[in-house]
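# Structure assessment
As a plain string of letters, each chain reads:
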Amino acid sequence: MEPDTPKESIRILHVEDNPMDAALVSDLLRGADFQSDILRLCDRKSIESALTHSHFDVIVCDFSLPGFDGMEVLEIAKNATPQTPFIFVSGKIGEETAVESLQKGAVDYVLKDRIGRLPGAIKRALDYAACRTEEVRLSQLTYDQANLLEQTSDAILALDNDFTISYCNRSAETLFSTPRALLIGQPGKEILFPQDAQMFEIVVKELQERGSWAGTQSLRTPEKRFLEHRWNRVQHPGIGQFRVIVSVRDITEEKDLEATVSRNQRIESIGSIAAGVAHDVNNSLTPIMMGIDLLTTEAANPETIRYLKAMHQSARHCADLVSQISIFARGLREEERVVSLRSSLSDFELIFRGICPAPVRLEFSMSDELWPIQGSATKILQMLMNLCINARDAMAAGGILRVQARNLNAGSPGLPPELLGVNCVCLTVEDAGAGMAPQTVVQIFDPFFTTKSASGGTGLGLALVKKIVEEHGGRIEVTSKIGVGTQFRVYLPAFRSDDVERKPFTNGIAKIGSGQSVLLIDSELALRDLLSSVLVEAGFQVFRAEDGAAGLALFLKKRESISLIVTDLSVPYLGGRELIEIARKINPLVNALLCSGSVAVEQTHDPISARTSFLKKPFTASEFLSAVTTILGAKY
């Protein structure tokens with residue numbers, strides 16, 4: 001068995017005051033493909049002495065140090081040993097500071113939350129240092145030195161004093177997608193800055209004044225790329241001319257990762273905002289839905305009842321939409337339910353007719369016994385809304401917009417091959433618009449592809465439609481013809497069951513209480529008044545409070561008589577959950593109904609005991625009374 005090849009030994013000066021961070025770097029480098037001899041220092045005097053009397057292959061330095069900062073260490077290092085590569089490792093270095101550090105002589109920086117890049121950064125720094133040293137004597141390169149340049153992952157180019165390319169390595173061929181024979185002799189300006197001649201002039205000026213330049217270049221290509229440049233002017237000994245050594249590295253992947261992290265942080269912020277909006281909107285919708293419920297019990301005019309029903313459906317749709325936004329923004333998992341498509345499509349028809357312009361005539365038809373599906377009613381409405389708005393916009397001069405829903409038995413000839421043998425519901429959206437060419441049809445589900453003007457849309461609508469259909473196990477197909485129109489067909493697997501949830505629009509207010517006392521706590525005055533009126537009309541005695549502290553005080557006074565506490569989870573001063581925990585210590589038998597307009601709470605609430613129920617806002621009067629009577633053991 002052949003002995004293992006010994007690892008290359010690298011002497012590293014590590015400037016770090018945090019022992020834990022130092023240990024982390026030491027452990028990380030122990031697994032690298034080179035042997036590390038690390039000296040850790042953290043005070044100015046020891047650093048100056050070490051750099052004066054010892055040799056180091058690379059310096060790794062934290063940016064924040066006690067009594068001074070990394071920039072001062074960089075200045076000391078550049079004065080004492082200017083050829084030694086210097087790398088910053090920091091948890092909070094900003095982009096401007098990072099650029100400044102590179103301009104002052106650092107070769108790289110690594111963020112502590114991506115510390116795994118450090119071994120590679122050290123290797124690149126050593127490669128770069130070796131290249132820079134060897135390029136000073138480019139005309140005297142030996143075979144081994146040239147081979148070193150060939151192996152580095154950075155593109156290395158040498159420019160003569162007129163800035164034409166006189167040398168490039170293998171990586172340059174790959175980066176610029178051009179054979180070496182065609183690169184050599186070309187003007188460096190055309191190869192290195194093909195889209196920004198002004199930037200090239202800035203680089204030349206920097207070389208003349210300072211002898212070096214480092215910066216990032218953005219290439220406007222179909223797939224945007226970012227290149228990191230380092231230019232150094234090298235004087236030819238004896239002849240008075242100069243050469244420029246250029247190192248170029250593709251950092252697109254690093255930039256994409258930074259953009260992803262930034263985008264994720266924004267999404268987290270949006271999630272927090274969405275949760276707050278959902279809570280407030282659901283609180284506001286609750287008295288609206290309860291009021292509609294109560295008005296319906298008193299309405300005698302069929303036309304009034306129809307209007308109230310439309311208002312109820314719109315409010316319910318708004319609540320579902322807010323819930324869907326909050327679920328998406330916070331990354332929560334939406335619970336799948338059995339969806340009555342007939343009911344959902346009726347809701348959609350009421351809503352869409354209100355936004356359909358006069359020149360467009362909506363024709364809506366459904367099978368009498370339309371099968372239910374399993375999934376999200378909100379997403380199905382979102383999908384239909386996207387398809388119908390696109391169809392509406394395609395008929396600027398007017399026409400018929402047909403929406404049809406029908407059942408397809410397993411094995412029907414109209415089913416896609418993937419769904420043969422499955423009972424399906426087919427939703428069809430058909431317009432009489434301008435139609436699309438075949439080359440357009442094949443692209444319409446691609447993200448950001450749109451046939452509209454720049455102000456007309458982002459091109460995400462149909463990509464989202466396809467995603468929703470696929471989430472429901474379905475398939476979407478499209479046919480279109482120029483001058484005739486477009487037809488979308490959505491096939492969704494049916495849920496054959498008699499257990500489809502069909503909530504009544506209203507059950508009215510019945511006298512189901514027998515004088516039991518209810519403690520009602522909610523910070524919203526309108527909702528508190530309305531809930532109180534419903535409970536009183538239903539036969540309960542009500543004690544009201546606007547916050548948790550006042551509610552607890554009332555409970556202490558009426559502890560023997562109160563049968564049920566109804567409280568919002570987010571009441572001020574003392575949250576609903578905490579209030580119930582205290583009340584249970586006083587009276588373990590008291591019942592509790594917790595309410596909240598927060599989607600996150602709905603999905604994660606943990607009932608305190610079997611005597612506790614949860615009711616999501618918004619709710620109707622009948623849903624509220626049903627929850628009250630269920631927890632009290634009565635029937636409603």
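Because the structure is predicted, anything quoted here is derived from the model rather than measured. (Residues numbered from 1 in each chain as written. Predicted model: local features only at pLDDT ≥ 70, side-chain atom pairs only at ≥ 80, totals over all residues. Heavy atoms only, no water.)

### With respect to the packing of aromatic side chains
Counted under the stated rule, the structure contains 10 aromatic pairs. Ring centres of Phe 86 and Phe 88 lie 5.1 Å apart, and the angle between their planes is 75°; this geometry places the pair in the edge-to-face category. When the centroid spacing of 6.5 Å and the interplanar angle of 80° are considered together, the rings of Trp 213 and Trp 231 count as edge-to-face. With Trp 213 in strand S10 (residues 212-219) and Trp 231 in strand S11 (residues 225-235), the pair connects residues that are 18 residues apart, well separated along the chain. Through a chain of ring-to-ring contacts, the aromatic side chains of Phe 163, Phe 193, Phe 200, Trp 213 and Trp 231 assemble into a single cluster. Note that Arg 44 overlies the ring of Phe 68, its terminal NZ or CZ placed 5.0 Å from the centroid. The lysine or arginine in question, Arg 230, covers the ring of Tyr 128, its NZ or CZ lying 5.5 Å from the ring centre. (Phe/Tyr/Trp six-rings, centres within 6.5 Å; stacked < 30°, edge-to-face > 60°. Helix = DSSP H or I, 4+ residues; strand = E, 2+ residues; numbered from the N terminus. Lys NZ or Arg CZ within 6 Å of the ring centre and 35° of its normal.)

### What to know about the environment of Leu 126
Secondary-structure assignment places Leu 126 in helix H5 (residues 118-135). The exposure class of Leu 126 is buried, given its relative accessible area of 17%. With 42 residues separating them along the chain, Leu 126 and Thr 84 place their C-alpha atoms 8.7 Å apart. Among residues more than four places away in sequence, those in contact with Leu 126 are Ile 10, Asp 57 and Val 58. (Buried < 20%, exposed > 50% of the residue type's maximum accessible area, 1.4 Å probe, protein only. Contact = heavy atoms within 4.5 Å.)

### Here's the deal with helix H10 (residues 197-210)
With 14 residues, H10 should cover 20 Å at 1.5 Å per step; its first-to-last C-alpha distance of 20 Å lies within 8% of that length. Residues of H10 that are buried sit in contact with helix H9 (188-192), S10, S11 and strand S12 (242-250). Gly 211 lies just past H10 and shows a positive phi near 85°. (Expected span 1.5 Å × (residues − 1).)

### Some remarks on the sheet that holds strand S14 (residues 360-366)
Judged by pairing direction, the sheet is mixed, and its five strands sit side by side in the order S14-S16-S17-S19-S18 without closing on themselves. Each edge of the open sheet is held by one strand with a lone partner, namely S14 and strand S18 (475-481). In this sheet, neighbouring strand axes are inclined to one another by 10° on average, regardless of whether the strands run parallel or antiparallel. Bridge count between S18 and strand S19 (residues 485-493): seven bridges; the pairing is antiparallel. Bridged to Lys 481 within S19 is Gly 485. Against the sheet, helix H13 (residues 341-353) contacts S14, strand S16 (399-408) and strand S17 (424-431), and its axis sits at roughly 170° relative to S14. Helix H14 (residues 377-393) rests against S14, S16, S17 and S19 of the sheet, and its axis sits at about 25° to S17. (Pairing = 2+ DSSP bridges. Axes fitted to C-alpha atoms, helices over the stretch in contact; angles between N-to-C directions.)

### A word on the pattern of salt bridges
In total, this model carries 29 salt bridges according to the counting rule given. Note that Arg 544 and Asp 529 form a salt bridge whose closest N and O atoms lie 2.4 Å from each other. With Arg 544 in strand S21 (residues 541-545) and Asp 529 in helix H17 (residues 525-537), this residue pair connects regions lying 15 residues apart in the sequence. (Salt bridge = Lys/Arg side-chain N within 4 Å of Asp/Glu carboxyl O.)

### Section: the nonpolar core
Counting 41 residues, the largest nonpolar core has Met 383 and Leu 401 as the members making the most contacts within it. For this core, the secondary structure elements donating two or more residues are H13, S14, H14, S16, S17, helix H16 (461-471), S18 and S19. Per-element tally for this core: the top contributor is H14, with eight residues. The residues touching Leu 401, leaving out its near neighbours within four places in the chain, are Phe 352, Val 360, Arg 361, Leu 362, Glu 363, Cys 388, Ala 391, Met 395, Val 429 and Glu 430. (Core = buried A, V, L, I, M, F, W, Y, C linked by side-chain atoms within 4.5 Å.)

### Re the packing of H17 against helix H21 (residues 621-631)
For the pair H17 and H21, interaxial distance at closest approach is 11 Å and the crossing angle is 60°. If you check the angle between H17 and H21, you find them oblique. Handedness of the crossing formed by H17 with H21: right-handed. The residues of H21 that touch H17, namely those facing Leu 531, Val 534 and Leu 535, are Ala 621, Phe 624, Leu 625 and Val 628. Grouping the amino acids of the contact of H17 with H21 by side-chain chemistry returns seven nonpolar, no polar and no charged. (Parallel < 35°, antiparallel > 145°, perpendicular 65-115°, else oblique. Left-handed = near helix turned anticlockwise from the far one by under 90°. Nonpolar A, V, L, I, M, F, W, Y, C, P; charged D, E, K, R; others polar.)

### Here's the deal with the confidence of the model for the protein
Detailed reading of the predicted coordinates is not advisable wherever pLDDT falls low. Summarising the model, the protein shows a mean pLDDT of 81, and 83% of its residues fall at 70 or more. In the predicted structure, residues 453-459 sits below a pLDDT of 50 and forms eight contacts with residues beyond four places in sequence or in another chain. Segment residues 498-507: pLDDT under 50, and 17 contacts once partners within four positions in sequence are set aside and those in other chains are kept. (pLDDT = per-residue confidence, 0-100.)

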